[in-house]
Amino acid sequence: MNFKETRGCDENKPKSVSFSEAILSPIASFGGLYVPEKLPGLGEEFLNKHLNSSYKELASDMLSRFEIDIEQSVIEEALNLYDKFDDASNPVPVVKVKENLYVSELYHGPTRAFKDMALQPFGKILSSVAQKREENYLILAATSGDTGPAALETFKNQKNIQVVCMYPANGTSDVQRLQMVTEDADNLKVIGIKGNFDDAQSALKNLLASDSFKATLETKNISLSAANSVNFGRIIFQIVYHIHNYLELVRQGAIEIGEKVYLNVPSGNFGNVLGGFYAQEMGLPVEKLVISSNENNILTRLIQTGIYDIRDGDLKLTTSPAMDILKSSNVERVLYSLYGADRTRELMQDLDKNNIYTLTEDELKKLQEVFIADYCSDDEGKDYIKSAFKDGYLMDPHTATCFKTYETKTNPNIKSIIYSTAEWTKFSPVIANALTGEVDAKDSVALDAISKEAKVEIPAMIKDLFDKKVIHDSVIEKDTIEKEILKFL
């Protein structure tokens, strides 16, 4: 299967590329992204086939349907990394929390967040491709808190790979920051940025599109790629768990194959729900894709009004910081699927130039046939955390936003799958405040308070962070990022 460009071809690039080319150079013509030429169909026959399959068997077969140009032995080696998760036989538990409501726990990997689900295997594949080609790659990552730790974990000490990870200096939890700044592999560089995630992501996209930066890297015999979800290598692995979750509900006797469900996703950069969108396009029975936002409710406004408006640039720092994003990269791939390349280029050029685009009435109707949305305030989120805990379920503030949309936007008679994207340990001060009233507690204090209150162990990989040495202490102005990267190289 080949991949084409969301904004059309500028004639300087090929009209289609292989999977390996798309993941090595993820930015397409006119600053666009790569998408599959055609999605494989995965109907009821596929679902029935995998009713008793392991997660790795399901993933392997789904990847084979995409006919990607990666050797099967490399794919198997990449998928074997799921064996490092808490339960090798079930890396993604699906837990019933109340009648017709289930939570997919995507955080049981090495960095305790959902990014491990894609970045663990993706990192192995990208490294293998680089080594096979005998090429050296600089992998850029911009993070709102979870991509960074997962990217650093998967790429550390990998041959032919160097990684630069950029994060907003005051925009992550302490645990997320420590996961990044204590990494000590020689091929990793972590940079704090005086700004927000959008600043980090804009810097990443500008560098990926910069001919002069790439020319400078060429003199060092280095090529450029990215670990963010602008890279379809991330997205392809995020499709799998949506299918797995559906099959889990069948296995648990909650639904029958063919019955529709809601997929309710806390959304920031839109990569997680994009996997669900593609799964639906491939044949997964989905009633609606539910977008759950925090107070940065750009996506909710888009789906409710058809207007994507970031002109005021007013990013709020919330208790669910991984969703503190104004410019969601992967919305572009949905625009392409619904409206085509020419219209996508027009809309994205409007956004790049004017910080706003507006869908037509017919375009909005088409969008709303697939998506529904609402947003959750910080205080509402804490209330949902407290209420769920009383019912026996401990969750993080991103997951809590989905409980709001479950109440306001879904039919309670239809099963809902909520996506829990991070373990409680990543955001303990917020949860401690919700559960025990602790105010401004440091992460180490909050972790102990929750552990005692909930009678749960703090995982060793989190507990040990507080005794590790800080290796990366750079915090810089955003206009000096390129200089800092070249200094590292």
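Our subject is the structure listed above.
Residues numbered from 1 in each chain as written. Predicted model: local features only at pLDDT ≥ 70, side-chain atom pairs only at ≥ 80, totals over all residues. Heavy atoms only, no water.

## Description of the overall build of the protein chain
Filter applied, for reference: Put simply, DSSP H or I for four residues or longer makes a helix, DSSP E for two residues or longer makes a strand, and each gets a number counted from the N terminus. We take the radius of gyration over the C-alpha atoms and set the globule estimate at 2.2 Å times the residue count to the 0.38 power. With a 1.4 Å probe rolled over the protein chains alone, any residue whose accessible area is under 20% of its type maximum counts as buried; one over 50% counts as exposed, and the rest are partly exposed. Every residue pair with non-hydrogen atoms within 4.5 Å of one another is taken to be in contact. Values of accessible area rely on a 1.4 Å probe in the Shrake-Rupley scheme; residue burial ignores everything except the protein chains shown. In this count, Lys and Arg are taken as positive residues and Asp and Glu as negative ones, while His and the chain termini are left out. Note that the charge is assigned to NZ on lysines, CZ on arginines, CG on aspartates and CD on glutamates.
Per the secondary structure count, the protein chain includes 21 helices and 15 strands. Over its C-alpha trace the protein chain gives a radius of gyration of 21 Å, about what one expects of a compact globule, namely 23 Å for 489 residues. For the protein chain, the spread of C-alpha atoms along the principal axes amounts to about 60 × 50 × 50 Å. Within the protein chain, the fraction of its 489 residues that count as buried is 62%. For the protein chain, the share of sequence-separated contacts (at least 6 apart) that also reach a separation of at least 24 residues comes to 75%. Of the roughly 18,700 Å² of accessible surface on the protein chain, a fraction of 42% belongs to carbon and sulfur atoms. Computed over 54 positive and 73 negative side-chain charges, the inter-centroid distance for the protein chain is 1 Å.

## Here's the deal with the sheet that holds strand 13 (residues 371-375)
To keep things clear, this is the line we draw: Being paired, for any two strands, means DSSP has found at least two bridges between them. Between the N-to-C directions of two axes lies an angle of 0 to 180 degrees, each axis being a line fitted to C-alpha atoms and, for a helix, fitted only over the stretch in contact.
As summarised here, the arrangement of the six strands in space is 3-4-14-9-10-13, forming an open sheet in which the pairing is mixed. Looking at which strands have only one partner, the edges of the open sheet turn out to be strand 3 (94-98) and strand 13. Sheet twist, expressed as the average angle between the axes of neighbouring strands with direction ignored, equals 25°.

## Regarding the sheet that holds strand 15 (residues 475-476)
The strands making up a sheet are joined through hydrogen bonds of the backbone, oriented either antiparallel or parallel. As summarised here, the arrangement of the five strands in space is 8-5-6-7-15, forming an open sheet in which the pairing is parallel. Each edge of the sheet is formed by a strand with only one pairing partner; in this case those strands are strand 8 (222-226) and strand 15. Helix 6 (residues 147-155) rests against strand 5 (136-142), strand 6 (161-168) and strand 7 (188-193) of the sheet, and its axis sits at about 165° to strand 6. Across the face of the sheet, helix 9 (residues 211-219) comes into contact with strand 5 and strand 8 while running at roughly 135° to strand 8.

## So, the nonpolar core
Looking at soluble globular proteins, one finds that nonpolar side chains tend to be buried together. Where we set the bar: Nonpolar cores were defined as sets of buried Ala, Val, Leu, Ile, Met, Phe, Trp, Tyr and Cys residues, with membership established by side-chain atoms within 4.5 Å.
Judged by nonpolar contacts, the single largest core of 140 residues is most densely connected at Met62, Ile243, Tyr357 and Phe371. It is helix 10 (residues 232-251) that contributes the most residues to this core, 12 residues altogether. Ranked by size, the runner-up nonpolar core spans 25 residues in total, among them Ala142, Ile191, Ala203 and Ile485.

## A short note on the pairing of strand 6
As a reminder, the rule being used: Handedness of a crossover: with both strands directed away from the viewer, a clockwise path from the first strand across the helix to the second marks it as right-handed.
For strand 6, a buried count of seven out of eight residues is recorded, marking the element as mostly surrounded by other parts of the structure. The pairing of strand 5 with strand 6 spans six bridges and is parallel. Looking at the pairing, Ala141 lines up with Cys165 of strand 6. Between the parallel pair strand 5 and strand 6, the chain is carried across by helix 6, and the sense of this crossover is right-handed. As paired strands, strand 6 and strand 7 are joined by six bridges and run parallel to one another. Paired with Val164 across the strands is Lys189, a residue of strand 7.

## Things to note about the packing of aromatic side chains
Which entries qualify depends on this criterion: Centres within 6.5 Å make a pair out of two Phe, Tyr or Trp rings, where for Trp the six-membered ring is used; the pair is then stacked when the planes are under 30 degrees apart, edge-to-face when over 60, and tilted otherwise. In this scheme, the term charge over a ring applies when either NZ of a lysine or CZ of an arginine sits within 6 Å of the ring centre and within 35 degrees of the ring normal.
As enumerated under the stated definition, the model contains 11 aromatic pairs in all. Where Tyr384 meets Phe403, the ring centres are 6.5 Å apart and the plane angle is 45°; that geometry is what we call tilted. In this pair, Tyr384 sits in helix 16 (residues 378-390) while Phe403 sits in helix 17 (residues 397-409), placing the two residues 19 residues apart along the sequence. With respect to burial, Tyr384 and Phe403 carry one shared label: buried. One aromatic cluster is present, built from ring pairs that chain together Phe3, Phe19, Phe232, Phe270, Phe277, Tyr278 and Phe371. The ring of Phe30 has Arg345 lying over it, and the distance from NZ or CZ to the ring centre is 4.9 Å. Looking at Lys404, its charged tip hangs above the ring of Tyr375, at a distance of 5.6 Å from the centre.

## Overview of the pattern of salt bridges
Formally: Each reported salt bridge corresponds to a side-chain nitrogen of Lys or Arg within 4 Å of a carboxyl oxygen of Asp or Glu.
Following the criterion strictly, the structure yields 25 salt bridges and no others. For Glu99, the salt bridge goes to Lys96, with nearest N and O atoms at 3.6 Å. Take Lys96: its relative accessible area is 44%, and that puts it in the partly exposed class. A salt bridge links Lys327 to Asp352, with the nearest nitrogen and oxygen atoms 3.1 Å apart. Of this pair, Lys327 sits in the loop between strand 11 (307-309) and helix 13 (331-339) while Asp352 is found in helix 14 (residues 341-354), placing the two residues 25 residues apart along the sequence. The partly exposed category is assigned to Lys327, whose relative accessible area is 24%.

## So, the side chain of Ser428
Of note, Ser428 is situated in helix 18 (residues 428-436). Not counting residues up to four positions away in its chain, the partners in contact with Ser428 are Asp443, Ala446, Leu447 and Ile450.

## A few points about unusual backbone geometry
If you check the backbone angles, Asn355 has positive phi at about 65° while not being a glycine. When you line up the elements, Asn355 lands in the loop between helix 14 and strand 12 (356-358). Asn355 gets classed as partly exposed once you look at its relative accessible area, which sits at 30%. One non-glycine residue, Asp440, adopts positive backbone phi at about 55°. Relative to the assigned elements, Asp440 resides in the loop between helix 18 and helix 19 (443-454).

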